[in-house]
Amino acid sequence: MNFKISTALAVTCLTLAACAKGPDAIKPADIPLAAYTGQSCSNLEKELQLEKDRLETLEDAQRSAQTGDAIGVFLVGIPISSATGGDKEGDLAVSKGKVQSIELAMKSKNCRSS
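Here is what the cut-offs are and how they apply
Residues numbered from 1 in each chain as written. Predicted model: local features only at pLDDT ≥ 70, side-chain atom pairs only at ≥ 80, totals over all residues. Heavy atoms only, no water. Helix = DSSP H or I, 4+ residues; strand = E, 2+ residues; numbered from the N terminus. Buried < 20%, exposed > 50% of the residue type's maximum accessible area, 1.4 Å probe, protein only. Contact = heavy atoms within 4.5 Å. Areas by Shrake-Rupley, 256 points an atom, 1.4 Å probe, with all protein chains shown as cover. Core = buried A, V, L, I, M, F, W, Y, C linked by side-chain atoms within 4.5 Å. Disulfide = S-S within 2.5 Å.

(A) Here's a closer look at the overall build of the protein. A tally of helices and strands in the protein yields five helices and zero strands. Along its sequence from the N terminus, the protein presents helices and strands in the succession α-α-α-α-α. Among the 114 residues that make up the protein, the fraction classed as buried is 26%. The long-range share in the protein, meaning contacts at least 24 apart out of those at least 6 apart in sequence, stands at 85%. On the protein, roughly 7,400 Å² of surface is accessible, and the fraction owed to carbon and sulfur atoms is 59%.

The structure is reproduced here in structure tokens:
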């Protein structure tokens, strides 16, 4: 393999590694259950709905970043969304973790969700 081809392959691999992940590929962050166990069931239910709405918004933004990165890499070789701050991976992981912890807190308190 000549130098130009191997260099192009190396750059492509590094560029693709920097692309935004899909929302489903992002694991929830560890959020302590203790952050929610002191709240009432009604407060937990409200908090859960707010966080689920935020999570949905972040998932949409992450899908857009993923698409933008794919287009950017295809057209100019750069994951544009990730390079410009469009990647919401960290925020998405925290939101998923909060939803998970709130749901566990509700379950531990035998809350009924409506």
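(B) Up close: the nonpolar core. Counting residues in hydrophobic clusters, the biggest one holds 13 residues, and the most contacted among them are Tyr 36, Leu 44, Leu 48, Leu 92, Ile 102 and Met 106. Put simply, the parts of the chain that give this core at least two residues each are helix H3 (41–76) and helix H5 (89–108). If one sorts the elements of this core by residue count, H5 sits on top with six residues. Not counting chain neighbours up to four residues away, the residues in contact with Tyr 36 comprise Ile 31, Leu 44, Glu 47, Lys 98, Ser 101, Ile 102 and Ala 105.

(C) Highlighting the side chain of Lys 96. Take Lys 96: it is sitting in helix H5. Residues contacting Lys 96, with those up to four places away along its chain left out, are Pro 23, Asp 24, Ile 26, Pro 28, Leu 55 and Glu 59.

(D) Up close: the state of the cysteines. Counting across every chain of the model gives one disulfide. Residue Cys 41 pairs covalently with Cys 111 via a disulfide, S to S 2.0 Å. The S-S bond linking Cys 41 to Cys 111 shows a torsion near -75°; that makes this disulfide left-handed. With Cys 41 in helix H3 and Cys 111 in the segment after H5, this residue pair connects regions lying 70 residues apart in the sequence. For Cys 111, a relative accessible area of 15% puts it in the buried group.

Limitation: the analysis is restricted to geometry and does not speak to function.
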